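# Coordinates in review
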Amino acid sequence: MAFSFQDMVEEARLSARALLDYGEHFFNPTVRLGVTGLSRAGKTVFITALIHGLTRGGRFPVFEAFASGRIARAKLAPQPDDAVPRFDYENHLRALTADRRWPNSTVDISELRLVIDYQRQSGADRTLTLDIVDYPGEWLLDLPLLLKSYEQWSAESLALSRAAPRAHLAADWHAHLATLKPEAAEDEQATLTSARLFTEYLRACRDERFAMSLLPPGRFLMPGGLAGSPALTFAPLDVPIDGQAPEGSLWAMMVRRYDAYKDVVVRPFFRDHFARLDRQIVLADALAAFNSGPEALHDLEAALAGILDCFRIGRSTFISSLFRPRIDRILFAATKADHLHHSSHDRLEAVLRRAVARAVARAESTGAEIDVVALAAVRATREAQVARGRDRLPSILGTPAAGESAGGEFFDGNTEVATFPGDLPADPEALFNGADTFRGLSTAAETSDFRFLRFRPPKLEREGSEEPALPHIRLDRALQFLIGDRLE
């Protein structure tokens with residue numbers, strides 16, 4: 001689509017905001033770290049564990065500034081943006097440590113400021129302000145809509161919904177769609193029904209049996225205060241991609257509401273939050289895709305590529321800091337590494353590296369640094385060897401959440417069990433080549449090749465009056481990549 005006057009106005013606003021931020025950060029060095037990921041990837045847990053480890057003394061041997069003792073203190077500071085909710089760190093920590101349950105998922109944007117007093121390697125005392133911005137990955141996948149017409153988005157959404165396994169999930173919506181005539185007069189009830197059925201289809205795609213990741217518009221699944229508004233009451237129509245909607249038609253009504261969604265939801269998020277980020281971590285629950293099957297893994301690959309395409313990336317320079325801020329470091333993290341034996345951690349990392357390889361190749365020429373890691377921000381399991389006949393299988397020990405099941409056995413949420421989830425292949429290409437490379441819950445629930453249970457957070461043992469550190473896997477490596485250079 002052509003670069004519109006509205007786009008030029010947005011660019012001017014971004015440049016003005018960049019100048020303001022640069023002036024503030026000149027006297028108070030600040031890193032704005034974006035934390036995102038698709039549903040159930042563990043964003044809230046990651047932020048809670050990061051803050052707890054830095055403020056209460058976690059075990060971070062790979063995070064050089066922390067391990068060497070150059071960080072004197074890290075403390076929470078008042079929320080910097082008056083219009084953004086504060087990340088509810090204290091209640092999330094209580095859920096993890098006292099209640100042994102995972103905090104509620106991210107459904108809106110939130111922010112928290114952490115002030116780090118440290119000593120540079122030269123010996124000078126300095127302060128770094130870390131503003132952590134937590135937002136749903138589904139919102140990120142909305143950003144490409146800014147460059148798409150309603151007709152383009154409809155065509156892409158329909159093509160996606162007509163491929164397996166989505167076609168079966170979209171049957172009711174497709175049946176209603178077949179009754180609609182786009183050129184007919186606008187019809188509020190038909191639009192409401194279309195939006196409801198389309199949303200039900202998106203919600204079904206997110207079920208753990210299918211674990212689809214490409215599900216824009218993101219606010220349809222987490223509407224918040226916009227629930228029921230016209231900006232969230234539209235759906236794709238089967239219209240020509242280069243067509244023109246007749247005035248007063250159902251088609252024109254859908255176009256108007258799609259454009260309203262971009263104006264009311266997408267542009268403000270991009271302008272006020274996303275375009276101001278300096279560093280970014282993208283969390284991905286690859287294990288959920290393994291649980292579901294090859295289609296979910298390919299969908300995750302497409303979603304991660306779409307996410308990377310959204311970022312305004314490149315090496316940060318003086319000029320870019322003034323007028324066109326860029327993200328100069330992006331970390332993709334495969335979460336829940338504790339659900340695998342350590343012998344498969346590198347394989348999980350290799351799978352994620354393969355999933356983002358094409359997108360990363362396009363971004364490398366910009367000068368941005370991009371890395372991949374397999375981590376568990378809070379480790380919920382321990383490792384063990386389990387005898388099976390003459391074999392000893394590398395297994396994990398943990399307490400499955402109440403209601404979880406495996407092999408016909410249901411767990412009560414209190415009993416610790418040993419489980420062997422399956423070995424990831426040494427060559428990640430084996431998981432991506434073809435539609436029948438492995439079996440998942442979406443097609444063969446009883447004979448799936450992988451079954452990763454949801455475990456409760458660990459029971460922490462308090463030593464004296466000191467609050468126990470949260471166990472983790474490679475959280476320190478993530479911190480070193482994201483902010484280590486700013487603490488040298």
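For clarity, every value in this text was computed on a predicted model and none was experimentally measured. Residue numbering note: each chain is counted from 1, following its sequence as written. Where totals are concerned, whole chains, interfaces and linings use all residues; where local detail is concerned, this predicted model gives features only for residues with pLDDT of at least 70, and gives and counts side-chain atom pairs only at 80 or more. Side-chain measures were taken over the full set of non-hydrogen atoms in the model, leaving aside hydrogen atoms and water.

Counting secondary structure elements, the protein chain contains 17 helices and 12 strands. The buried share among the 488 residues of the protein chain stands at 54%. Using a 1.4 Å probe, the Shrake-Rupley method yields the accessible areas, and only the shown protein chains count as cover for residues. Counting only carbon and sulfur atoms, one obtains 51% of the accessible surface of the protein chain, whose full area is about 21,700 Å². Each helix corresponds to a stretch of at least 4 residues labelled H or I by DSSP, and each strand to a stretch of at least 2 residues labelled E; elements are numbered beginning at the N terminus. A 1.4 Å probe rolled over the protein chains alone gives each residue an accessible area, and that area as a share of the maximum for its type sets the label: buried under 20%, exposed over 50%, partly exposed in between.

On to the side chain of Thr44, then. Note that Thr44 resides in helix α2 (residues 43–56). The class for Thr44 is buried, based on a relative accessible area of 6%. Two residues form a contact once any of their heavy atoms are found within 4.5 Å. If sequence neighbours within four positions are ignored, Thr44 has contacts with Phe87, His92, Pro103, Asn104, Ser105, Thr106 and Asp134.

In this structure, Pro165 follows Ala164 across a cis peptide bond, with omega equal to 0°. With respect to the helices and strands, the residue Pro165 is situated in the loop between α6 (150–161) and α7 (166–169). In this structure, Arg100 takes a positive phi of about 50° despite not being glycine. Examined against the element boundaries, Arg100 turns out to sit in the loop between α4 (89–97) and β3 (110–119). The class for Arg100 is buried, based on a relative accessible area of 17%.

Before going further, it helps to examine the nonpolar core. Throughout this description, the term nonpolar core refers to a set of buried Ala, Val, Leu, Ile, Met, Phe, Trp, Tyr and Cys residues connected via side-chain atoms within 4.5 Å. Of all hydrophobic cores here, the largest spans 89 residues; its most connected members are Phe274, Phe290, Leu304, Phe311, Phe332 and Leu348. Counting residues in each nonpolar core, the second largest holds 44 residues, with Leu54, Leu112, Tyr118 and Ile132 among its members.

In this section: the confidence of the model for the protein chain. For any part of a model where pLDDT is low, the fine detail of the predicted coordinates should not be relied upon. What pLDDT conveys is the predictor's confidence in a given residue, as a value from 0 to 100. The pLDDT averaged across the protein chain works out to 85; a share of 86% of its residues lies at or above 70. In this model residues 314–324 is a low-confidence stretch, pLDDT under 50, and it forms 29 contacts with partners more than four residues away in sequence or in other chains.

For the rest of this paragraph, the subject is the packing of helix α9 (residues 188–206) against helix α10 (residues 250–272). Axis angles are defined between N-to-C directions and span 0 to 180 degrees, where every axis is a line fitted to C-alpha atoms and, for a helix, only to the segment in contact. Between α9 and α10, whose axes approach to 11 Å, the crossing angle comes to 55°. Between α9 and α10, the angle falls in the class oblique. The hand of the α9/α10 crossing is right-handed. Along the contact surface, α9 presents Glu188, Thr191 and Ser194, while α10 presents Leu250, Met253, Met254 and Arg257. Under the scheme applied here, ten amino acids are nonpolar (Ala, Val, Leu, Ile, Met, Phe, Trp, Tyr, Cys and Pro), four are charged (Asp, Glu, Lys and Arg), and all others, including Gly, are polar. Each residue belonging to the contact of α9 with α10 can be placed in one class, and the counts come to three nonpolar, two polar and two charged. An angle below 35 degrees is read as roughly parallel, one above 145 as roughly antiparallel, one from 65 to 115 as roughly perpendicular, and any other as oblique. Left-handed describes a crossing whose near helix is turned anticlockwise from the far helix through less than a right angle; right-handed describes the clockwise counterpart.

What follows covers the sheet that holds strand β12 (residues 417–419). What the three strands build is an open sheet, ordered β8-β9-β12; its pairing is antiparallel. Looking at which strands have only one partner, the edges of the open sheet turn out to be β8 (382–388) and β12. Each adjacent strand pair in this sheet contributes to an overall mean axis angle of 45°, direction not counted. A pair of strands is considered paired only if DSSP assigns at least 2 bridges between the two. Of the strand pairs in this sheet, strand β9 (residues 391–398) and β12 are connected by three bridges, and their pairing is antiparallel. From the neighbouring strand, Ile396 faces β12, where its bridge partner is Thr419.

An α-helical segment advances 3.6 residues per turn. Residues three or four places apart therefore align on the same side. What a helix is expected to span follows from its residue count: subtract one and scale by 1.5 Å. Its 19 residues give α9 an end-to-end C-alpha distance of 27 Å, which sits within 8% of 27 Å, the value for a rise of 1.5 Å per residue. Within α9, burial applies to Ala190, Thr191, Ser194, Ala195, Leu197, Phe198, Thr199, Tyr201, Leu202, Cys205 and Arg206. For α9, the secondary structure elements touched by its buried residues are α6, α7, α8 (171–177) and α10. Between a side-chain oxygen at the N-terminus of α9 and the backbone nitrogen of Gln189 the separation is 3.0 Å; the capping residue is Asp187. Under the rule applied, a polar contact is a pair of N or O atoms within 3.5 Å (in protein, one hydrogen donor and one hydrogen acceptor; residues adjacent in sequence only if both atoms are side-chain atoms).

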